[in-house]
Amino acid sequence: MPYAVTDDDVRLHYEESGSGACLLFVHEFAGDHRSWEPQVRHFARRYRCVTYAARGYPPSEVPSDPEAYSQARAVADAIAVLDHLAVDRAHVVGLSMGGFCTLHLGLRHPERALSLVVAGGGYGAQPERQASFRAESDAAANAFQTEGSERVAERYAVGPARVQFQNKDRRGWEEFRSQLAGHSALGSALTMRGVQGRRPSLYALTDELRALTVPTLIVVGDEDEGSLDPSLMLKRTIPSSALLVLPATGHTCNLEEPGMFNAAVADFLATVEAGKWSLRDPRSLTPGLTGMVR
């Protein structure tokens, strides 16, 4: 079983398929490296697809030190995987927690990213929601510690932005719920507290986001209430970004609507690789609706 080793000696399990430009997938809190299977099967025909399990997610190691988990550490781990594979630059695709990691990687290490796909990003990022999100994160961490992953999965998998997946694809949702139920309770609790609960608000990073020029595709489901407003903010702030809203779709958009997700990402990658992705035309930001009044 292959592993990359981080600078603090944590082993991260990874898998790779295909050849070509590297496509690195970064999973969400409730998922793991297996959550990208519909994407790997599609994109491995043309790309070197790499998935990995974050620290705290077996078969990666589960450090017991709470300080071993943070947003900065998550980014460093993604870079460690690229370094281990001798990949200078990659297209990086992340969902939710992985979307935050992807975005921060673009901000901290733009030289390592060919492009960024930020899906379902922004949960709890609004300043007015941060306190409640941190309280929810703490409650979820406590539940993992006291009840275990199997019992928590029964509730977590039917959250308000997960029921769309359950209603559309019961078989796929059951697989998602089963995988979540098998996660390390310790790793999930520490990840929820250290990465989710303590990450900086995206709204505090707008100056940095305005300077981001890595081609960026933002993807969000229209019923993913926690991510809609932050995704729109990211679109309005990042000059190199485009926003795709998937209809009647919740949070787990890559699994819930793999066809639409894959097609959109494939078109985005092709545009980037053709050198046709550009910054937003500043003329689109002038006052008025018709351009007749200046």
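Predicted, not measured: the structure shown is a model, and the values here were computed from it.

The rules behind these values
Residues numbered from 1 in each chain as written. Predicted model: local features only at pLDDT ≥ 70, side-chain atom pairs only at ≥ 80, totals over all residues. Heavy atoms only, no water. Helix = DSSP H or I, 4+ residues; strand = E, 2+ residues; numbered from the N terminus. Contact = heavy atoms within 4.5 Å. Areas by Shrake-Rupley, 256 points an atom, 1.4 Å probe, with all protein chains shown as cover. Lys, Arg positive; Asp, Glu negative; His and termini not counted. Charge placed at Lys NZ, Arg CZ, Asp CG, Glu CD. Buried < 20%, exposed > 50% of the residue type's maximum accessible area, 1.4 Å probe, protein only. Pairing = 2+ DSSP bridges. Right-handed = clockwise from strand over helix to strand, strands pointing away. Axes fitted to C-alpha atoms, helices over the stretch in contact; angles between N-to-C directions. Salt bridge = Lys/Arg side-chain N within 4 Å of Asp/Glu carboxyl O.

Structural notes on the overall build of the protein
Inference 1: The helix and strand tally for the protein stands at 12 helices and eight strands.
Inference 2: Overall, the C-alpha framework of the protein stretches about 60 × 40 × 35 Å when taken along its three principal axes.
Inference 3: Of the contacts made within the protein by residues no fewer than 6 positions apart, 77% connect residues no fewer than 24 positions apart.
Inference 4: As displayed, the protein has an accessible area near 13,000 Å², and 51% of this comes from carbon and sulfur atoms.
Inference 5: Computed over 30 positive and 36 negative side-chain charges, the inter-centroid distance for the protein is 4 Å.

Concerning unusual backbone geometry
Inference 1: Residue Pro 59 is reached from Pro 58 by a cis peptide bond, and omega for that bond is 10°.
Inference 2: Looking at where Pro 59 falls in the secondary structure, it is placed in the loop between strand 4 (48–52) and helix 2 (71–84).
Inference 3: One non-glycine residue, Ala 86, adopts positive backbone phi at about 60°.
Inference 4: Note that Ala 86 resides in the loop between helix 2 and strand 5 (90–95).
Inference 5: You will see that Ser 96, though not glycine, has its phi angle at about 55°, which is positive.
Inference 6: Examined against the element boundaries, Ser 96 turns out to sit in the loop between strand 5 and helix 3 (97–108).

Section: the pairing of strand 4
Inference 1: A large share of strand 4 lies buried, amounting to four of its five residues.
Inference 2: With four bridges joining them, strand 2 (residues 11–17) and strand 4 adopt antiparallel strand pairing. Across the sheet, the residue bridging to Ser 17 is Cys 49, located in strand 4.
Inference 3: As a crossover connection, the stretch from strand 3 (residues 22–26) through helix 1 (residues 37–43) into strand 4 is right-handed.

Some details on the sheet that holds strand 3
Paired through their backbone hydrogen bonds, the strands of a sheet run either parallel or antiparallel.
Inference 1: Strand order in the open sheet formed by eight strands is 1-2-4-3-5-6-7-8, with mixed pairing between adjacent strands. The two strands at the open ends of the sheet, each matched to only one other strand, are strand 1 (3–5) and strand 8 (241–246). The sheet shows a mean angle of 25° between the axes of neighbouring strands, direction not considered.
Inference 2: Bridge count for strand 6 (residues 113–119) against strand 7 (residues 216–221) is four bridges, and the pairing is parallel. When the sheet's bridge partners are listed, Val 117 is paired in strand 7 with Leu 217.
Inference 3: Contacting strand 3, strand 5, strand 6, strand 7 and strand 8, helix 12 (residues 258–273) crosses the sheet at an angle of about 155° to strand 6.

Structural notes on the environment of Gly 122
Inference 1: Here Gly 122 is to be found in the loop between strand 6 and helix 4 (130–147).
Inference 2: Its relative accessible area of 0% is what places Gly 122 among the buried residues.
Inference 3: For the pair Gly 122 and Met 97, spaced 25 residues apart in the sequence, the C-alpha separation amounts to 8.7 Å.
Inference 4: Gly 122 has contacts with Phe 100, Leu 202, Gly 226 and Pro 230, leaving out every residue within four places of it along the chain.

Some details on the pattern of salt bridges
Inference 1: Under the counting rule described, the total for this entry stands at 21 salt bridges.
Inference 2: Where Asp 8 meets Arg 55, a salt bridge forms, and the shortest distance between an N and an O atom there is 2.9 Å. Placement of Asp 8 in the loop between strand 1 and strand 2 and of Arg 55 in the loop between strand 4 and helix 2 is noted, with a sequence separation of 47 residues between them.
Inference 3: On the basis of relative accessibility, which here comes to 30%, the residue Asp 8 falls in the partly exposed class.
Inference 4: Residue classification places Arg 55 among the buried residues on the basis of a relative accessible area of 5%.
Inference 5: In this structure, Glu 16 engages Arg 48 in a salt bridge whose closest nitrogen and oxygen atoms are separated by 2.8 Å. Of this pair, Glu 16 sits in strand 2 while Arg 48 sits in strand 4; the two residues are 32 residues apart in sequence, bridging distant segments of the chain.
Inference 6: Owing to a relative accessible area of 21%, Arg 48 belongs among the partly exposed residues under this scheme.

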